[in-house]
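Residue-level structural notes
Chain by chain, the residues run as shown.
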There are 4 protein chains.
Amino acid sequence: MSLTDEQKEEIKKQTSVSLPTKRAISLGMEEKLFLAHEVLDHGFIRVIDYMGNDSSIVQAARVSYGEGTKKSRDDRALIRYLMRHWHSTPFEMCELKLHVKLPVFVARQWIRHRTANVNEYSARYSILDKEFYIPEKQNLASQSNTNNQGRGEPIEDKEAQKIIKTLETDSLRCYENYEEMLSDKGQKGLARELARMNLPMNIYTQWYWKTDLHNLFNFLRLRNDEHAQFEIREYAEKICQITKSWVPLAYEAFEEYQLHSQQLSASGLSSLKRILDGENVTQETSEMSKREWVDFCKIIGKKSEI
Amino acid sequence: MSLTDEQKEEIKKQTSVSLPTKRAISLGMEEKLFLAHEVLDHGFIRVIDYMGNDSSIVQAARVSYGEGTKKSRDDRALIRYLMRHWHSTPFEMCELKLHVKLPVFVARQWIRHRTANVNEYSARYSILDKEFYIPEKQNLASQSNTNNQGRGEPIEDKEAQKIIKTLETDSLRCYENYEEMLSDKGQKGLARELARMNLPMNIYTQWYWKTDLHNLFNFLRLRNDEHAQFEIREYAEKICQITKSWVPLAYEAFEEYQLHSQQLSASGLSSLKRILDGENVTQETSEMSKREWVDFCKIIGKKSEI
Amino acid sequence: MSLTDEQKEEIKKQTSVSLPTKRAISLGMEEKLFLAHEVLDHGFIRVIDYMGNDSSIVQAARVSYGEGTKKSRDDRALIRYLMRHWHSTPFEMCELKLHVKLPVFVARQWIRHRTANVNEYSARYSILDKEFYIPEKQNLASQSNTNNQGRGEPIEDKEAQKIIKTLETDSLRCYENYEEMLSDKGQKGLARELARMNLPMNIYTQWYWKTDLHNLFNFLRLRNDEHAQFEIREYAEKICQITKSWVPLAYEAFEEYQLHSQQLSASGLSSLKRILDGENVTQETSEMSKREWVDFCKIIGKKSEI
Amino acid sequence: MSLTDEQKEEIKKQTSVSLPTKRAISLGMEEKLFLAHEVLDHGFIRVIDYMGNDSSIVQAARVSYGEGTKKSRDDRALIRYLMRHWHSTPFEMCELKLHVKLPVFVARQWIRHRTANVNEYSARYSILDKEFYIPEKQNLASQSNTNNQGRGEPIEDKEAQKIIKTLETDSLRCYENYEEMLSDKGQKGLARELARMNLPMNIYTQWYWKTDLHNLFNFLRLRNDEHAQFEIREYAEKICQITKSWVPLAYEAFEEYQLHSQQLSASGLSSLKRILDGENVTQETSEMSKREWVDFCKIIGKKSEI
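Residues numbered from 1 in each chain as written. Chains lettered and ligands numbered in written order. Predicted model: local features only at pLDDT ≥ 70, side-chain atom pairs only at ≥ 80, totals over all residues.

**Focus: the confidence of the model for chain A**
Residues shown with low pLDDT carry predicted positions that ought not to be read at fine detail. To be explicit about the condition: You can read pLDDT as the predictor saying how much it trusts each residue, on a scale of 0 to 100.
Mean pLDDT for chain A: 94, with 97% of residues reaching 70 or above. At the level of chain-chain contacts, confidence expressed as ipTM amounts to 0.95, with global pTM at 0.96.

So this is what it looks like as C-alpha cells:
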C-alpha cells in the first residue's frame, strides 16, 4: 500500500479530533475509524462512518423509546433469536460507510451487490494512479479441474515468474500509453473518458461504499466463502474483522447462524434421518447426485466413498 | 400527543448523555436528537440517529482521504452543482433514522417509498394503544370537484361536528370490542394477529424508518406537495425542518432545484420561447391540453384566461 | 368471492383471445392466465402476465444467443445447481404480474417485501367495496402460549360465534358510517381520502403486484411457512401452485433446496457430528439454548426430551 | 459486429417460431425480437423478451379486471397524465429484457443503475472473445476545457491515427498474453479468473439486462443526454428507438415530459417572471451563478451575453 504523505496527514487529522455526540456509539469501531487497513498489494479498507451498535438492533426490533434491553445478556439473546428466524429489518438499522481501494476486476464482482450506495473515483474526471495489482507468487494457481469458475493447483516457480513479468510489463506499457495519449505536449491530448479504455483491469480504483448491516452480512456470507475468488475474499475477511469490532453480538450470531451454518436440502434431511435410524445410506439410495452426496457427506462429517 | 411518564424519562435519559466520537457531526441535529416533534393529534417524529453532514456529501463526491473541501463556500458550490445535475450518489452517503408515530392510513401511503428500512410495531406481538387520529374541524373538507383524489371546500360546523362524533364513536367501539375479544377472562381470548383486524385505519401505529438523504429528498418532494394528502404533508413539513438543521447546505439546494423548481415540458418550452419572442400564444395554439395550459400559465405567472 | 357479472365478462373476454408471439411461453401458465383463483372468503389471485419459463433461466445463466440447453435434462440439472449455490440472478430473469384482492391487514404484511412493483386501488380516488374478511369458525384461535406472535388452540363454538358476530357488526356499522359521511345528500359530503379512515382493517383492497422469480421465492419461503399468519399463507400456497405450473423445474428445485430445506447452525452441525460419532449429546452439552435444542431435535428427527 | 454463423443460426431459429399466447402483445416489438441491433464497432442490443404494452400501463393504473380503457385516445390522455404527475408505479408494470454486447468501460457506467437485473458473461467461467472497441477517428476528441468530465474538440488526423494504433496494439498484445497465460501447453496454465486481469477495458463483454419501464426511462433520460459519454449514448439512443416501437404512447409522453423537458430552479422561475414582466434581468441581478445563468438563457432561448 502506498499512501502519500499528504494522505497520511489527512487521515491523522481525522483520527485526532473527537467531538461529543448523543448518538449510539461503538467503542470498538471508534478505534478503527479512518485508518487504512491494508488488503492485497496496494488496496485498503477505511471505515469512514458507522450508524448504530448492537443495542440499536434491539432498540429497532422493539420500536422502543429508549435504548435496547436493560441487560446486555438480553440483547444477545434477542439478537440471536432475530438472526435465527431471518428477521432482517432490525439489522438494516445499522449502517456502515467504507472507503475502499481495489482492483477493477474485484470492483466488478463487488458492484453486483446492488443494495448499497457507491461513489466511485471518476476516470472521466481524474487521472487514475499508476497502481496495479500483481499477485504474489503463492497466489497464482491453475484452472480448477472440478470447478469451472475456480482455481486449482498452485503454479510453480518458473511459470509463475513469467506470469508476473507479463502482468507487470503489460500494465506499465498500457499506463505509459495512457499517459502519452492524455498528454497535451505537442498535441491536443485525448479526453480522459476515452484514454482510460487502454487500462487493464488490474489497475486500482477507489470508492466510497455504504450499506446496512443486513446487506453487509449477505455480502460477507457470499464473499468470505471458499467459492469466492481469493482477491475479493481478502477484502471480505478484513471487513469481517471490522464488523466484529463494531457489533460483536450481531457478528457472533452471524457466524453461528450464517457464516458457519449449512443448509440441508429436503433429500439431505431425509438421508440424515435414515442414517440416524441406523440405515446404511449410499449415494445410490440417497436421491442425491454424486456432487450433492459428496457435499452432504462433508457437511455431516462422513466419508463419502466416491 | 401523549407520552407516558416512563417514555418521557427514557427520552430525557437519551438526551442527557454525550460521548466523544471521531465521526462527522451535525451540531444542528445533535440538538434535535430523540426529542418528540409533535405531528397531528397524537403523532410525532423523533430523530434516533443520523450519519454524515454537509461535508460528507462533498467528501463522497471527491472520494477523498480527508474531509470535504477546505472552505465551506466551496462545499456549498459543489453541493449545488451536484443537486442541479442530478448526481444522486453523494447524497446517498448521508443517512437518517426516525421513530415515527402515525395513523395507519398515513403509514400505508408512506410505505410506498420502498427504498427505506422499516421496523413497525407488531400488532401480532403487542396490543396497540388506544389512540386514534381525529381531524380538527378546520381540516375536514369535501371531495374536490376538479381533483379526483383530493379535497375541496371546508366542511361547515354542523356537518363537521357530526363527522367527528362518528369517527370518535366508531373508533372507541371498535377498540372496546378489540379488547373484549383479546380478553381471557372467562374465555380463551382471541389471538392478537386476528383481533387487530377489527381496528379502523385512523388508529396510530409506530415505526423506525431509515433512509438516505437522496431518497429522503424524493420523499419530501412528493409528500411536501400540494397534491399530497394533508395528513402526510404535516409529517413531511416537520421532516423538512429537521433536515434543514441537519444538512443546511444540501437542504437549501434541495429547495432551490427541487422543492421550489418546476418542470417545463417540450410544448411548454416551445410556447415560452414564442411568448418571449412577442407572440400572443393561446391554449389553442400551444399544443397543450386545457389542464396543461392552466398549469403552464401558473408556472410562468401568466393569467390563463380559461 | 363475489365477482360482478361485468367483471366475469371482462375476464372471459381476456381468456378467449390468443395472438401469436415469438417470446418464451409457459403452456402451464397460459391455462391459468386471468382466472380468479379464490383465497379466503372474498379474495383472489389472478395472473395478469408472466415473462419467461424454465428455459429462460438457463438462457440467462449462459448469456446465450439462442434458447437454453439442448436437452431439458440439462436444464433441470443446471437449474438445481444454480438454486443450490445461491445464484440468484438467473431467477431474476423471470417475472410475474398478479392481480390480488386481499384484506388490508394482509396487505400490510405483504408490502414489507420491498423488491416488487405495486399499484394499489386508491381509496382517495374511488369508493371501496363493501367486502370484509370474516374468518371461518375453525380458523379462530387463541393467543399462543409459546409463540408471542402466533396463534394457539382453536376457539370453541360459543366464543367463536360471538367473535364473528362482533367482526360482522363492527364492519357493517363502520362501512355504513363511511357511506353516510361520503354522501352529498343534504350535506357537502366528506372527501374520500378522509372518510376511508373509518374503515376497519379486515376490509378488502386490491392491487397489481409484480416481482421477479428470485424475489417471489423469497416471499414464498417466508410466507408459506408455519410462522406466517394463516391468512397470508393461504395466498402464498395458491401462488406456489401457480408457480409450479409456470416454471416446474425451478419450483421443484425451490422445494428441494429452500422450502423443505433446513439450516443447521454451527452448534447444530457440531452436535450432529458428535451424535453420528456415537456420543450421547444432550441440550446441556450441546451449547444450544433449550429452544434451539428443541428445534434442532425436530430437524434431525430426534426426541428432544425437554 | 461479428456474429458467428452459429449465432446467426440461433437467432434465426428464435425469430422463426410463433406460438399463441393470451398475454398482452406489442406488434411493434414482436418485429424487433431477438435481432441484433448494431452499436459501436462490435456491440449490439437484442430484445430477448418484454412484458406488457401501452394498455398494460392503463390497466395497472386502474387496477382493472379487463384491459385498459375502451378507446386508445383515453389511454393516451391517461398515460400523459401519469407521466406529467410523476406516477411511476404504472410504468413499472412493463418490463424489458435485453441481451447487450458492450465494452467493459461502458458496462461500468451502465451497472450504476441498480434497479435492474443483470447476468453477465463470466470471465471466471469462460474465455472472453478477442473483440475490442476501437473508436472511429471522428469520435476521438480532446479533453473539454469547460467540462471536467467531457470531451471537447475533435482530434485531428495524425494524432488520431497514432491513438488508434496505440489502442489496437495494446489490446492485441494484452489479449495474446492473456491467451498465453491461459494455455496449458507445456505449462499448467493460469486460472481464467486471474488471467483476465491483463485485459484492457475496451474489451467487449455481454450481459442479459432486465428492468421495468419506469427505471428504463430514468436510464434513458440520464444516458441519452449530452452530458453522457458518447459511447453509452449510442446504446441509449438505440434503446429509445426500440422502446418507441414497444410502447409508442408512453414513449411519446416520455419525450414530452422528461427527455425534452427542462427543470427551472426557484431562481430561474423568479427571473423568468421578471423578464415576462418586462424587466431587463442580467446575471448580476438574477441570483444565479454565471454557469447557471448561461444554462438558464439556453433553456429559455435568450442570448446570455457572458
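**Some points on the relation of the copies chain D and chain C**
Note that the two copies of the chain are related through a rotation about an axis and a translation along the same axis. What counts here: For this overlay, a least-squares fit was computed on C-alpha atoms, restricted to residues scoring pLDDT of at least 70 in both copies. By the convention adopted here, residues make contact when the C-beta atoms placed from their backbones lie within 7 Å.
Rotating chain D by 180° and translating it 0.0 Å along the rotation axis places it on chain C, where the RMSD comes to 0.0 Å. Both copies are brought into coincidence by an operation consistent with a two-fold rotation axis. For chain D, the minimum C-alpha distance to the rotation axis belongs to D:P20 and amounts to 2.1 Å. A share of 100% of the interface residues of chain D reappears at the interface of chain C, consistent with the copies meeting face to face through the same patch.

**As for the interface of chain A and chain D**
To keep things clear, this is the line we draw: By the criteria applied, helices consist of DSSP H or I runs no shorter than four residues and strands consist of E runs no shorter than two, each listed in order from the N terminus. Polarity classes work like this: nonpolar for Ala, Val, Leu, Ile, Met, Phe, Trp, Tyr, Cys and Pro, charged for Asp, Glu, Lys and Arg, and polar for all others, with Gly in that last group.
The interface of chain A with chain D comprises 43 residues on the first partner and 43 residues on the second. Counting residues per element, the ones that place at least two in the side of chain A that touches chain D are strand 6 (141-143), strand 7 (151-154), helix 6 (157-182) and helix 7 (192-195) of chain A. Here the side of chain A that touches chain D is built from residues that sort into 20 nonpolar, 12 polar and 11 charged.

**Regarding the sheet that holds strand 3 (residues 43-51) of chain C**
Residue and element names in this part refer to chain C. Here is the rule we go by: Two strands form a pair only when DSSP identifies at least two bridges running between them. Every axis in this analysis is a line fitted to C-alpha atoms, fitted for helices over the stretch in contact. Angles between the N-to-C directions lie between 0 and 180 degrees.
Spatially, 5 strands are ordered 2-3-4-8-5 in an open sheet, and the strand pairing comes out antiparallel. Only two strands of the sheet have a single neighbouring strand rather than two, namely strand 2 (37-39) and strand 5 (117-120). For this sheet the average axis-to-axis angle between neighbouring strands, irrespective of direction, equals 25°. With 9 bridges connecting them, strand 4 (residues 95-103) and strand 8 (residues 204-212) associate as antiparallel partners. Of the residues in strand 8, the one forming a bridge with K101 is Q206. This element, helix 8 (residues 213-223), spans strand 4 and strand 8 of the sheet and lies at about 130° to strand 8.

**As for the relation of the copies chain A and chain D**
Each copy of the sequence occupies a distinct position, and chain A is placed on chain D by a rotation of 180° and an axial shift of 0.0 Å, giving an RMSD of 0.0 Å. Comparing interface residues between copies, 100% of those in chain A also sit at the interface in chain D, which points to an isologous, same-surface contact.

**Points about the nonpolar core**
Quick reminder of the rule: The term nonpolar core means buried Ala, Val, Leu, Ile, Met, Phe, Trp, Tyr and Cys residues held together as one set by C-beta atoms within 7 Å. Any residue with 12 or fewer other C-beta atoms within 10 Å of its own C-beta is exposed, any with 20 or more is buried, and the rest are partly exposed; the C-beta atoms used are placed from the backbone.
A:A250, B:A250, C:A250 and D:A250 are the most contacted members of the largest nonpolar core, which totals 280 residues. Dropping the residues within four chain positions of it, C:A250 is found in contact with C:D54, C:I57, C:I79, C:F91 and C:L213.

**A few points about the interface of chain D and chain C**
Taken together, the contact pairs 41 residues of chain D with 41 residues of chain C. Elements supplying a minimum of two residues to the side of chain D that touches chain C: helix 1 (5-15), strand 1 (19-21), strand 3 (43-51), helix 3 (54-61), strand 4 (95-103), strand 5 (117-120) and strand 8 (204-212) of chain D. Among the residues making up the side of chain D that touches chain C, the classes are represented as 19 nonpolar, 11 polar and 11 charged. Pairing of strand 1 (residues 19-21) of chain C with strand 1 of chain D involves 3 bridges; the strand directions are antiparallel. Bridging across to strand 1 of chain D, C:P20 finds its partner in D:P20.

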